[in-house]
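Below are the chains, spelled out letter by letter.
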Amino acid sequence: MYYISTRGGSEKKTSARVIKQGLAEDGGLFVPERIPTVSKDFIKKLAEEDYAHRAADVLSLYLTDYTYDELLSAATDAYKEESFGKYAAPVKSLDKTHKVLELWHGPTCAFKDMALQIMPRLLSTALKKTGEKRTALILVATSGDTGKAALEGYKDVDGVKIMVFYPEDGVSDIQKLQMASQEGENVNVCAIKGNFDDAQTGVKQIFSDTNIAKELDEKGYFLSSANSINWGRLAPQIVYYFSAYCDLMNAGDITLGDEIDVCVPTGNFGNIFAAYLAKRMGLPVRRFICASNVNNVLTDFINTGIYDRNRQFHTTISPSMDILISSNLERLLWLIQGEEKTAEFMKLLKETGKYEVSAEVREKIASEFIGCFASEDETKQTIAETFEKHSYLIDTHTAVALFAAKKNATDIPVVTASTASPYKFAADVLSALTGNRDNGNDFFRILRELNAKTGAAVPRPLAALENKTRRFTTSVGKSKDEMFAEVAKFAD
Ligand SMILES: *Cc1c(COP(=O)(O)O)cnc(C)c1O
C-alpha cells in the first residue's frame, strides 16, 4: 500500500516514510491510495482478540511495509495495562440505545493518548526501516493537552527526542504542572513569554529554516512533528470503532452485520474521519453524527455545503473543540471528489476562508453525516441529566456529543465517543452538577469535591500530580532565535 497527497503533488510513499515526514510537500495530507476492505470473518476474529491484537490486525491492512510482529509489538507496548488499565477502550452501556466508548483511560486521561502512545513506536520502527541514522527531534507547540500527551507518548522511545513549547500564561496551572513534572530521559519542556500563536509561529519558523536544518543535521538530528494530521496519528484511531463494534457483539447488543450509528465530538475532524474509514472498510455503520460546540463551522458545512471560517471564535468549556479550521476534513473531501477539487478548495480556504461544494457532494455527505451542535447550557444540562438518570459522569466534550446523539437517536444503537475523563475538566463538570459558577482554582480540592459528590474514581495520573516536583522551569522570549537556542542546547 502506498500513500499520496490529497492535493496530488507528492510521489507515492510507503507508510514508514509518510509517518516520518508528516505533511506532504504540496501542503496536502497523506492518504492511502485505496481503502482496504474487510470481510465479516475479519470482524468475527477481532471480536475474540484483545485491544492490542485488534490494533495490529487493522493497522496491518494499511501499514503494509511493517511486519505484523512490528505492529503487534508496538501495539502491545502502547496499550499495556500499566498505561491504559485492563481495557484500553471499554464500551459502557447507558441504555438499549446509548453506548459510550471511553477513550480516555491512557496516561493523560484524554483520547489523544490512544494515538500518541502508539505513533512514537511506529516512528521509531520507521527510522530503523528507512535506515535513518539521525535522531528524530520532535518539536511541539501546545495550548495544553497535546503537549502532555505527546511527552508521555515519546518519553524514552528509541531514536527520538521531544521538546514542547507552551505559552507561559496560556495554559492552566494543572496543565503547567503536568508538563513541568514530565519524566523521561529524552524530553524537554520550555515556556515562552507569549501566547499559543507565538509558540506555534516560532516552531513553524524553526521548521522552515534551512540553516537550522543543516546545523541539526551536522549534529545528527532531523526535525519531525507530532501533529494531528500525521497519518501515524490517524490510522490507530480506526481501531476504536472496530473494537467498539466487537464489544457490542460480545455483549449481545448486536449481531454481526447489524448497523450502528456513531457520534463523535469533533474538532479537527480526525477522530470522526477514522470512524468513516472504518465504515468504508466494511464496518456496518449507518451514519455519523458530527457533534460540535458553538464553534459550529462543521454543522453549517454539513447542512449547507458551505465551509466558512469567517465567523466569531468562541472560547468554550469544551476547549479541545474550539477550532474553525478542521484540517482532516480535507481527507474526506479527497475521498469524495478527488485531488483536483480538493486542492482548489484548500486554496480558496487559505485565500478567502471559504468554499462551497457542489450539490452532489453536499448530498453525498449529508447522506452519511448529521451535523449537530450543543450550546454551553445544553452541554452543562447534558452532564447533569446524564448523572441524574444514569449515574454516569461525563466531561464537557463527551457531553456535547451525547447531546447530539440523544437528539438524533433512532431505534438502533448509537456509539458516542467519550474523549476525556470528567476529571480532566473537573471545574466545569462540577459547576454543571452543582450550578455554582465559581469553584475557585484549587484543582486538587475540586477533584476531591467531585469525587465526594459522585463517587466516580479519580484517575491515578491526575491524583498523583499533587506530589510531583517540577523538573522544567525554563522560560524564554517568544522570538525564533530565543526558542531555537533552547532547542540547540537540548540537541547536543
Ligand atoms: C482533540 C479532542 C477532540 C477533537 O478531536 P478531533 O480528532 O480533533 O476531531 C475532542 N475531545 C477532546 C477531549 C480532545 O482532546
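Residues numbered from 1 in each chain as written. Predicted model: local features only at pLDDT ≥ 70, side-chain atom pairs only at ≥ 80, totals over all residues. Heavy atoms only, no water.

Trainee: I'd like a description of the packing of aromatic side chains, backed by residues and values.
Mentor: In the structure shown here, the tally under the stated rule is 17 aromatic pairs. Plain terms: the ring middles of Phe269 and Phe369 are 6.0 Å apart, the flat faces sit at 40° to each other, and that makes the pair tilted. Separated by 100 residues along the polypeptide, Phe269 in the loop between β9 (260-265) and α13 (270-281) and Phe369 in strand β13 (residues 369-373) bring together distant segments of the chain. According to the relative accessible area criterion, Phe369 is buried, its value standing at 2%. Between Tyr276 and Phe369 the ring centres are 5.3 Å apart and the planes differ by 40°, which places this aromatic pair in the tilted class. (Phe/Tyr/Trp six-rings, centres within 6.5 Å; stacked < 30°, edge-to-face > 60°. Helix = DSSP H or I, 4+ residues; strand = E, 2+ residues; numbered from the N terminus. Buried < 20%, exposed > 50% of the residue type's maximum accessible area, 1.4 Å probe, protein only.)

Trainee: Talk me through the packing of helix α15 (residues 329-352) against helix α16 (residues 359-368); I want residue IDs and the actual numbers.
Mentor: How two helices sit against one another is set out by the angle between their axes and by the gap between those axes. At their nearest, the axes of α15 and α16 sit 11 Å apart, and the two run at 120° to each other. In terms of orientation, α15 and α16 fall into the oblique class. As for the relative orientation of α15 and α16, their crossing is right-handed in sense. Contacts between α15 and α16 pair Leu332, Ile336 and Gln337 from the former with Val361, Lys364 and Ile365 from the latter. (Axes fitted to C-alpha atoms, helices over the stretch in contact; angles between N-to-C directions. Parallel < 35°, antiparallel > 145°, perpendicular 65-115°, else oblique. Left-handed = near helix turned anticlockwise from the far one by under 90°. Contact = heavy atoms within 4.5 Å.)

Trainee: Break down the pattern of salt bridges for me, with residues and values.
Mentor: Evaluated as defined, the whole model comprises 32 salt bridges. For Lys20, the salt bridge identified is with Glu132, shortest N-O distance 2.9 Å. Of this pair, Lys20 sits in helix α1 (residues 15-21) while Glu132 sits in the loop between α7 (119-129) and β5 (135-141), and the two are 112 residues apart along the sequence. For the pair shown, Lys20 and Glu132 are each scored as buried. A salt bridge links Asp247 to Arg54; its shortest N-O distance comes to 3.0 Å. Separated by 193 residues along the polypeptide, Asp247 in helix α12 (residues 231-250) and Arg54 in helix α3 (residues 51-59) bring together distant segments of the chain. Each member of the salt-bridge network shares a partner with another, and the members are Lys20, Glu132, Arg134 and Asp217. (Salt bridge = Lys/Arg side-chain N within 4 Å of Asp/Glu carboxyl O.)

Trainee: Just give me the short version of the site of the ligand, but keep the residues and values in it.
Mentor: Inspection of the region around the ligand gives 14 residues, with Lys112, Gly267, Asn268, Asn271 and Thr419 positioned closest. At a separation of 2.7 Å, an oxygen atom of the ligand approaches a polar backbone atom of Asn268. Between the ligand and the protein, one listed contact pairs an oxygen atom with a backbone N or O atom of Phe269 at 3.1 Å. Relative to its unbound accessible surface of 380 Å², the ligand loses 95% to contact with the protein. Classifying every residue of the shell around the ligand gives five nonpolar, eight polar and one charged. (Near = heavy atom within 4 Å. Polar contact = N/O pair within 3.5 Å; in protein donor to acceptor, adjacent residues only side chain to side chain. Areas by Shrake-Rupley, 256 points an atom, 1.4 Å probe, with all protein chains shown as cover. Nonpolar A, V, L, I, M, F, W, Y, C, P; charged D, E, K, R; others polar.)

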